[in-house]
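Observations on the three-dimensional arrangement
Each chain, written out:
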Amino acid sequence: MAKNDLIGGTLWETYSRKVNDRMTNPRHLGEISEERAAELGARLVVADWGAEVCGDAIRAWWAVDPKSNRILDATFRTFGCGTAIASSDMMCELCIGRTVDEVLKITNIDVEKALRDEADKAAIPPQKMHCSVMAYDVIRKAASLYKGVDMDSLEEEEIVCQCARVSLRTIRDVIRINDLTTVEDITRFTKAGAFCKSCIRPGGHESRSHYLVDILRDVRAEMDRERAKAVAEKPRTFAEMSLIQRHRIVEQVLDEKVRPSLLKDGGNLEVVDMKEADGRTEVHISYQGACRGCPSAATGTLALIEEALRKDLDPDILVVQV
Amino acid sequence: MERVYLDNNATTIVDPLVREAMGPFACEMYGNPNSLHDFGTEVHPFMRLAFDRLYAGINAGERDDIFLNGCATEGNNTVIKGVWYELIRTGRRSEIVTTQVEHPCVANACSFVETLGAKVVRLPVNADGIVDADLLARHIHPDRTALVSIMWANNETGLVFPIRELARLCRERGILFHTDAVQAIGKLPVDVSDAPVDYLSFSAHKFHGPKGVGGLFVREGRSLPPLLHGGEQMGGRRAGTVNVAGLVGMGLAMELAVRNLGYEATEVRRLRDRLEDALLAIDGVSVIGRRELRTPNTILMSVEGVEGEALIWDLNRGGVAASTGSACASESLEPNPTFVAMCLSPELAHTGVRLSLSRFTTEEEIGRAIEVIRGSVERLRRISPAGSGTGKGT
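Residues numbered from 1 in each chain as written. Chains lettered and ligands numbered in written order. Predicted model: local features only at pLDDT ≥ 70, side-chain atom pairs only at ≥ 80, totals over all residues.

We now examine the packing of helix H10 (residues 243-264) of chain A against helix H11 (residues 300-312) of chain A. Residues and elements named next belong to chain A. Running from N to C, H10 and H11 cross one another at 120°; their axes reach a closest spacing of 10 Å. The angle between H10 and H11 falls in the class oblique. By crossing handedness, the relation of H10 to H11 is classed as right-handed. Across the interface between the two elements, Val-250, Val-253, Lys-257 and Val-258 of H10 pack against Ile-305, Ala-308, Leu-309 and Asp-312 of H11. For the contact of H10 with H11, the per-class residue count stands at 6 nonpolar, no polar and 2 charged. (Axes fitted to C-alpha atoms, helices over the stretch in contact; angles between N-to-C directions. Helix = DSSP H or I, 4+ residues; strand = E, 2+ residues; numbered from the N terminus. Parallel < 35°, antiparallel > 145°, perpendicular 65-115°, else oblique. Left-handed = near helix turned anticlockwise from the far one by under 90°. Contact = placed C-beta atoms within 7 Å. Nonpolar A, V, L, I, M, F, W, Y, C, P; charged D, E, K, R; others polar.)

As for its position among the elements, Ala308(A) is in helix H11. Separated by 66 residues in the primary sequence, Ala308(A) and Ser242(A) place their C-alpha atoms 20 Å from one another.

Turning our eyes to something else, we now look at the domain arrangement of chain B. How big an interface is tends to be stated in terms of accessible area lost as the parts join. Residue and element names in this part refer to chain B. You can read the domains of chain B as domain 1 (16-259) and domain 2 (261-383). With centres defined by C-alpha atoms, the gap from domain 1 to domain 2 works out at 28 Å. Each partner contributes residues to the interface: domain 1 has 20 residues there, and domain 2 has 19 residues. Within the side of domain 1 that touches domain 2, the residues separate by chemical class into 10 nonpolar, 7 polar and 3 charged. (Domains from an automatic or database assignment.)

This part takes up unusual backbone geometry. Most peptide bonds take the trans form, and the phi angle of most residues other than glycine is negative. Positive phi, close to 50°, is recorded for Arg165(A), a residue that is not glycine. With respect to the helices, strands and loops of the structure, Arg165(A) is situated in the loop between strand S4 (159-161) and strand S5 (166-167). Residue class for Arg165(A) comes out partly exposed when judged on the 19 C-beta atoms lying within 10 Å of it. Positive phi outside glycine occurs at His208(B), with the angle close to 65°. Taking the number of C-beta atoms within 10 Å as the measure of exposure, His208(B) has 27 and is therefore buried. (Buried ≥ 20, exposed ≤ 12 C-beta atoms within 10 Å, placed from the backbone.)

Moving on, we come to the sheet that holds strand S4 (residues 119-123) of chain B. Residues and elements named next belong to chain B. In space, the 7 strands of this open sheet follow the order S2-S8-S7-S6-S5-S3-S4, with mixed pairing throughout. Each end of this open sheet is capped by a strand with a single partner; those strands are strand S2 (65-69) and S4. Across the sheet, the mean angle from the axis of one strand to that of its neighbour is 20°, orientation sign disregarded. Sheet analysis places strand S6 (residues 176-180) next to strand S7 (residues 199-203), joined by 3 bridges and oriented parallel. Among the inter-strand pairings, Thr-179 is bridged to a residue of S7, identified as Leu-200. Along the sheet face, helix H6 (residues 104-115) touches strand S3 (95-99), S4, strand S5 (145-149) and S6 and points at about 155° away from the line of S3. (Pairing = 2+ DSSP bridges.)

Right, let's get into the pairing of S6(B). All names here are of chain B. Burial within S6 is extensive, with 5 of its 5 residues counted as buried. Side chains of S6 alternate between two faces, with Leu-176, His-178 and Asp-180 and Phe-177 and Thr-179 buried alike. In this structure, S5 lies alongside S6, joined through 3 bridges in parallel fashion. Paired with Val-148 across the strands is Phe-177, a residue of S6. On the question of chirality, the crossover connecting S5 to the parallel S6 by way of helix H8 (residues 163-173) is right-handed. (Right-handed = clockwise from strand over helix to strand, strands pointing away.)

Next up on the list: the sheet that holds strand S12 (residues 323-324) of chain B. All names here are of chain B. Strand order across the open sheet formed by 4 strands is S9-S10-S13-S12, with antiparallel pairing between neighbours. Strands with a single pairing partner mark the edges of an open sheet, and in this sheet they are strand S9 (285-287) and S12. Where strand S10 (residues 298-303) lies against strand S13 (residues 352-356), 5 bridges are found, and the strand directions are antiparallel. The residue bridging Thr-298 from the neighbouring strand is Ser-356, located in S13.

So, about the pairing of strand S6 (residues 267-277) of chain A. Residues and elements named next belong to chain A. For S6 and strand S7 (residues 280-289), the ladder comprises 10 bridges, and the chain directions are antiparallel. Along S7, the bridge assignment pairs Glu-276 with Thr-281. Hairpin connection of S6 to S7: 2 residues between the antiparallel strands, including Asp-278 at a positive phi of 50°.

Put into structure tokens, the structure is as follows:
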């Protein structure tokens, strides 16, 4: 929220003059007849596309020169709002004179940019970007009909945000590279989810095969797993560990290497304290059972315990009997 | 270009008599009615007259409250949040029963109290687009239901709900009944002595009064904590310095609206029917809801092959102001819940255009609107794939 948001305002105020103009007077409205296509020596392509959720629909006619694969003429009819009509009209304009392969590179974003009055001012408000996607889809449909191939084969990447044309790969990369933790961050970095918002989470205007919330959760989980693995694999020195971690590992070594032999003789030991002094770690132990009062407890046994810990953990360990 | 305003369910022109009545309260009698001096007290008789007119307008009793607020949105919020606070939060009851076709101010206030633990039951509408007493009877339970909130008339379709019957049912079962009457006042008789509603809200600007002022009727003995805390205005039910000009304007607007109910039921209806007949004569046009079940001023039409926003855009160019509930024109792109609840097909939901008249709509304006609408439909059908027109190159 900010001062500019307080009035709200209508969608129409934010349409560019070009959108206004093409909505009112589309240049490429209508159909191309078989006769007209024959006159041009062209192959006629008629493609239908619809946005199921809205009920919006478009039919595009292309007259394509079969030798050069160049689109000689393009027309449309659209059932949709002003943005859909203006986008359809601009889509035709961008197609005319280009080859089928060239127009496959046109996206709804190119259409929107061509409808701008000023280079840096959007032609339509964010939530209407969605209505321009149909003009892009129909290009792929027409091209697939012309080429006689499946429409999906023309899509190189899996697109998550149709409005801003952001791929799954881009979103995954941007989360990883920038260590993003929120959907708002993804939108800020990529513009995915900034327009009709359907791709953010289920329950929006359209259902999708991928949602930003799921992608974020999955990538974060992957990153966490990788980090945990890296931490687990990294050899940490005894000196780098906290006192609690040192205590745990000392207990481990004592359990494995020392206590079994003490227990055999009916004794045991307990770690009563751990201290850091002059860069050394002091392990304070107290004997139990038969070890108490054993003549070698303060000499040989103590030296053995110390040696075991020094060998496995750190040469600067000092074992002190208390 | 002469413009024709056919969006009276959104807001209305202020009656010039109302504007005149409000005038003196800007620079002459500008005192705060809560002040002790003459500047404050001299406005009291005007306020009293305004309240008399509001009470008479809906036939409220002396012991009932109608308190001034900002709008019906505020009134509806006050009731829903107040009932949550007193009955649901305290665990005495658990549910609010409403419909799937309420205005966002009721729908969203219900969703809000849902996040605070209330259970909200949203009833579907029948084939006529309304909720009938049989359905309501099956969904209310005196041990659970804290409040039933059902609009008197729908803003999109104009369909009128059987409020008298629904309110009586709730009264019999000891359940509080609230109605958003914002689309009913001035269009049909609203009589709280006959319909036993407990809370009823309205906005002045829907019946030729000023914007930013509304009223909430609270029947005698019904408790309701304030939404706005502060001074003693409105007997503590709604704090904030009284909008005296707004109150005076709303009072007169109510009186005029009620006086013109006969005109509304005959002349406005006749003009609406003339427009509707002319529209239905266009191929592929249908109107939602039976005529006799609607407020006399409203038409929600669907034009086959013509998208709603594109149509109101084109009508606007022709000087005719209409509105669309189609998904494409809303900020959220969400399909209109009323259309979804009425089980309209996606295409129908996408073609809905609402035309709403008022007592200020003239015969000439209707004639002009018919002409403009015919032209726009024809033009847009040429653009649509369903159309049969021919384009370039043929």
